[in-house]
Amino acid sequence: MESNYAKRERMSGAINALSLSPEGNSVVVAGREILKILSINKTEITETLNLRAGSHFNLNYSSNDVKWGNNATKQKVATAATNGAIILWDLNKIGRKAERVITEHTRAVNRICFQPDNGNILLSASQDGTMKCWDFRDPKNGARYRFEGKSESVRDVQFNPVSMYEFAAAFETGTIQKWDMRNPKALYDRKVSAHNGPCLTVDWHPNGKLVASGGRDKTIKVWDMTADSRRPLYTIRTMASVSRIQWRPGFENEIASCALLTDSRIHIWDIRRPHIAKYTFDEHDTTPTGFMWRNSSELLSVSKDKWFIRQNIAGAYRPFDLLKRNGMGWNVQGDIVFSIDKSSRNLFVDENLITKPINGSPKNWKRLGTKTASEEDVIQYVPPQTCGIVHMPLFDFEAFSVFADNYIISSENVAVACDINGELAWKMGRYRTAQTWKIIAMFYSDEPVEADVEESIQESFSFDMDRSTTDDDDEEDDRSSFKVHEEILEDISQSSEGDIDSLNTGTSSHVHTMTSSFNLRLPWKHESVVMELLNYYTEQGDVQMCVTLYLVLEKYLNIDNERIEDWFTAYIDLLHRFKLWSTATAIIKACKVQNVRERNENATTINIACNTCFKLVNGTSSGSWACDKCHKLLNSCTICHQTVRGLYVWCQGCNHGGHLSHMKDWFADEQQCATGCGHACVLQPLLSSLPLDEE
């Protein structure tokens, strides 16, 4: 969409590259089907010349790259073709503009570059792995110099803007090489392994000392080509492979980049703050294929969406403005960490917070704790922040771990399980939980309720019969008492709730008096109370209690599988966070829901970590005997220092061990670890029960 900050011009075909004229008022755009000159002014973009007008289709005209000459060749344009040809176009020539065709490369030419102060010198980078230099003042068409990069292909070349004889080249192998044209027969001056994968683009800093590179590994790196260090000064990590980069003129710390795939934006980065782009242009529909700075505020870009766009930095949006200034997070132990940004919104990088190099630093700066200028460049800007950690007692992780390890989850004996769980909760100071377990134990005790009621009634009945034999005068009262007992027994058998108040007898007061002497314990249903308990703990978020209650009372409860799955999933996730792997496995095994049980059935792989650096060991099918990170032997014997290939015995206290036979011989006379760590290892019971294994 057209705006005050962006001007567009639609081309007839996809555009692969562009180049700006020395005066800055014209630009040439090139692609497989187009090669045109555009005129740029403050208000509009107009096409002034079509270099392919009247030409038949030819692979020589299918361009990968284009460059506008300078000085003596400021009226000439060079294009690099997909078939390996390089064509020099004369804009002042009448008729067909093609002046010279060079066909010395055997494969496609990826990039071309004019020498900054001498437009007669052209350098090319080809897919055939060579770089060639031409001097257009030479009447011969042959290359003046030929450089072998010892690589499959050369992706980019750029002349040093300060030292005109030096150039840098990017290679398919991910390396960067610096060459000096004054020593054409010699090998490169310097080589840097820059990227994991192909290095796609390079660009010299205006100071002539730094080189920026971009690669398929989604990084932009800045290198000091005058130092011996093989580490980059700065590294910018992007979201996609980097195809083009260019330093922003007038801003020594800013560089622009575009992606090879997936990202259609152009980002401007500040190398001192590499984690977020300072500006972003989002005008193209597809990934840009090329861009150039017209000046420090205007950027020209092209893409395969056929659009040529001139955009101003004032119209770019700033991702920095979308960032939240404060952050907060917590861990499973209940610790809350917070960060408050104290930097100014107006400054992307506060210069006052960057330590300046110390002039005249002594040679023994390492000993004094100071840094030299070259070391100072590596320091990146860190926004001023206030950070802190606060412990919020919202979750008792210690009690959670103790309950997870010691709770009884078996439903074989409910009363015993509830008593043990209740005593454990009481010892941990969880009195409400202990009370819950005691109540559940009362509900589901094994005492026969109905038998107790009948036995109490029969005892009272026999007592009344004795009274009738000794006192004939009260015979009628005994009969009435007998009738009352019959009514009580009948009503109890017919009552579903067991509430003595519901007995409709003619002598209710007499019944209450007698039942108190009977010590009746009437049966009642507990499901509603238990479900209220489960609902309460669900609302409280105590999934540990929900799962444990369900497992203990599983045979008495009828709960839908969806709710059970929610409980178990949340509880297992908590167990994994606290690294209670064995308890989590036992909980998964005890669950009857298939979706939960599948967690233990998906894989049978056991991952191990290095006992030195604790890095995960990525072994092969035949095993792994050394760590990939620290390259130290795994499971080495503390006696013979060789890798144990077979039965390995170790102490879980200090993690030291070795061959079974060696451990048996050592601990026959010793009590402490053989490594000298001072730990009193307890291996004797295990060693006495296992056979010797020399391997």
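Calculation criteria
Residues numbered from 1 in each chain as written. Predicted model: local features only at pLDDT ≥ 70, side-chain atom pairs only at ≥ 80, totals over all residues. Heavy atoms only, no water. Helix = DSSP H or I, 4+ residues; strand = E, 2+ residues; numbered from the N terminus. Buried < 20%, exposed > 50% of the residue type's maximum accessible area, 1.4 Å probe, protein only. Contact = heavy atoms within 4.5 Å. Areas by Shrake-Rupley, 256 points an atom, 1.4 Å probe, with all protein chains shown as cover. Phe/Tyr/Trp six-rings, centres within 6.5 Å; stacked < 30°, edge-to-face > 60°. Lys NZ or Arg CZ within 6 Å of the ring centre and 35° of its normal. Core = buried A, V, L, I, M, F, W, Y, C linked by side-chain atoms within 4.5 Å. Salt bridge = Lys/Arg side-chain N within 4 Å of Asp/Glu carboxyl O. Pairing = 2+ DSSP bridges. Axes fitted to C-alpha atoms, helices over the stretch in contact; angles between N-to-C directions. Parallel < 35°, antiparallel > 145°, perpendicular 65-115°, else oblique. Left-handed = near helix turned anticlockwise from the far one by under 90°. Nonpolar A, V, L, I, M, F, W, Y, C, P; charged D, E, K, R; others polar. UniProt positions renumbered as here; feature names shortened; annotations may be inferred. Expected span 1.5 Å × (residues − 1). Polar contact = N/O pair within 3.5 Å; in protein donor to acceptor, adjacent residues only side chain to side chain.

K.L.:
Even after reading the chapter, I still don't get the overall build of the chain, so can you show me in this structure?
P.N.:
Helix and strand counts for the chain come out as 15 helices and 33 strands. Taken over 695 residues, the chain has a buried fraction of 45%. For the chain, long-range pairs separated by at least 24 residues make up 49% of all intrachain contacts whose partners lie at least 6 apart in sequence. Surface exposure of the chain reaches about 37,800 Å², of which carbon and sulfur atoms provide 49%.

K.L.:
Is there a simple way to explain the environment of Cys-640 in this structure?
P.N.:
Mapped onto the elements, Cys-640 comes out in the loop between α13 (594-597) and β32 (648-650). The contacts of Cys-640, once residues within four sequence positions are left out, are His-659 and His-662.

K.L.:
Looking at this structure, how should I read the packing of aromatic side chains?
P.N.:
Aromatic ring pairs: the centre-centre distance and the angle between the two ring planes describe each pair. In total, this model carries 18 aromatic pairs according to the counting rule given. Members of the aromatic cluster, each reached through a chain of ring pairs, are Tyr-145, Phe-147, Phe-159, Phe-167, Trp-179 and Tyr-188. Positioned above the aromatic ring of Phe-251, the side-chain terminus of Arg-248 is 3.7 Å from the ring centre.

K.L.:
Even after reading the chapter, I still don't get the nonpolar core, so can you show me in this structure?
P.N.:
Most often, soluble globular proteins keep nonpolar side chains buried together rather than apart. Residues Ile-440, Tyr-550, Leu-553, Phe-568, Tyr-571, Leu-575 and Ile-587 are the most contacted members of the largest nonpolar core, which totals 47 residues. Taken together, the elements giving at least two residues each to this core come down to α3 (397-406), α4 (414-427), α5 (431-443), α9 (527-540), α10 (543-552), α11 (561-577) and α12 (581-590). If one sorts the elements of this core by residue count, α10 sits on top with eight residues. Membership of the second largest hydrophobic core comes to 15 residues, among which are Cys-113, Leu-123, Cys-133 and Phe-171.

K.L.:
I'm lost on the pattern of salt bridges in this one. Help?
P.N.:
When their charged atoms lie close together, side chains carrying opposite charge are able to pair. A complete count under the given rule lists 19 salt bridges for this structure. Glu-104 is paired through a salt bridge with Lys-132; the nearest N and O atoms lie 3.9 Å apart. Here Lys-132 lies in strand β12 (residues 130-135) and Glu-104 lies in the loop between β9 (98-102) and β10 (109-115), a separation of 28 residues in the sequence. Put simply, Asp-135, Arg-137 and Arg-144 are held in one network by salt bridges that share partners.

K.L.:
Looking at this structure, how should I read the sheet that holds strand β15 (residues 166-171)?
P.N.:
Adjacent strands of a sheet pair through backbone hydrogen bonds, lying either parallel or antiparallel. Overall, antiparallel pairing links the four strands, which are arranged β14-β15-β16-β17 in an open sheet. Whereas interior strands pair on both sides, the edge strands pair on one side only; in this sheet they are β14 (154-159) and β17 (190-193). Strand-to-strand, the axes of this sheet are offset by a mean angle of 20°, without reference to chain direction. Pairing between β14 and β15: five bridges, direction antiparallel. If you follow Val-157 over to β15, its bridge partner there is Ala-169.

K.L.:
Just to check I follow, could you spell out the packing of α4 against α5 for this structure?
P.N.:
Any two packed helices are characterised by how steeply their axes cross, that is the angle between the axes, and by the distance between the axes. Two elements in contact, α4 and α5, have axes separated by 8 Å at closest approach and are oriented at 165°. Considered as vectors, α4 and α5 are oriented roughly antiparallel to each other. Of the two possible hands of crossing, α4 and α5 adopt the one that is left-handed. Together, Ala-415, Cys-418, Asp-419, Asn-421, Gly-422, Glu-423, Ala-425 and Trp-426 of α4 and Tyr-431, Thr-433, Ala-434, Trp-437, Lys-438, Ile-440 and Ala-441 of α5 make up the contact between the two elements. The residue makeup of the contact of α4 with α5, split by class, is nine nonpolar, three polar and three charged.

K.L.:
What am I meant to see in the UniProt feature "repeat: WD" (unreviewed entry) in the chain here?
P.N.:
Under the UniProt annotation, "repeat: WD" (unreviewed entry) lies at residues 102-144 and 192-225. As annotated, residues 192-225 comprises 0% helix and 59% strand, and the C-alpha atoms at either end are separated by 9 Å.

K.L.:
Can you walk me through the sheet that holds strand β30 (residues 335-341) in this structure?
P.N.:
Judged by pairing direction, the sheet is antiparallel, and its three strands sit side by side in the order β29-β30-β31 without closing on themselves. Each of the sheet's edge strands pairs with one partner strand only, and the pair in question is β29 (326-330) and β31 (385-391). Neighbour-to-neighbour, the strand axes of the sheet open up by a mean angle of 15°, direction not taken into account. Summarising the sheet, β29 and β30 pair through five bridges and their orientation is antiparallel. Residue Trp-330 lies in a different strand from β30, and its bridge partner there is Ile-336.

K.L.:
Can you help me understand unusual backbone geometry in this one?
P.N.:
Glycine aside, the phi torsion of most residues is negative, and most peptide linkages are trans. In this model, Lys-579 sits at a positive phi of 60°, which is unusual for a non-glycine residue. Following the sequence through the fold, Lys-579 ends up in the loop between α11 and α12. Residue His-641 is not a glycine yet carries a positive backbone phi of 60°. Note that His-641 resides in the loop between α13 and β32. The exposure class assigned to His-641 is exposed, which follows from its relative accessible area of 56%.

K.L.:
Would you mind going over the packing of α5 against α9 with me for this structure?
P.N.:
The N-to-C vectors of α5 and α9 enclose an angle of 160°; their axes lie 12 Å apart at closest approach. The orientation of α5 relative to α9 falls into the category roughly antiparallel. Considering how the two elements wind past one another, α5 and α9 form a crossing that is left-handed. Contact with α5, carried on its side by Arg-432, Thr-433, Thr-436, Ile-440 and Phe-443, involves Val-529, Val-530, Leu-533, Tyr-536 and Tyr-537 of α9 and no other residues of that element.

K.L.:
Which parts of the structure should I look at to understand α4?
P.N.:
Quick reminder: α-helices carry 3.6 residues per turn. Residues three or four places apart thus point the same way. Here α4 spans 20 Å end to end across 14 residues, near enough to the 20 Å set by a 1.5 Å rise per residue. Taken residue by residue, α4 has Val-414, Ala-415, Ala-417, Cys-418, Asn-421, Gly-422, Leu-424 and Ala-425 as its buried positions. Contacts made by the buried residues of α4 are with α3, α5 and α10. One side-chain oxygen at the N-terminal end of α4 lies 3.4 Å from the backbone nitrogen of Ala-415; it belongs to Asn-413.

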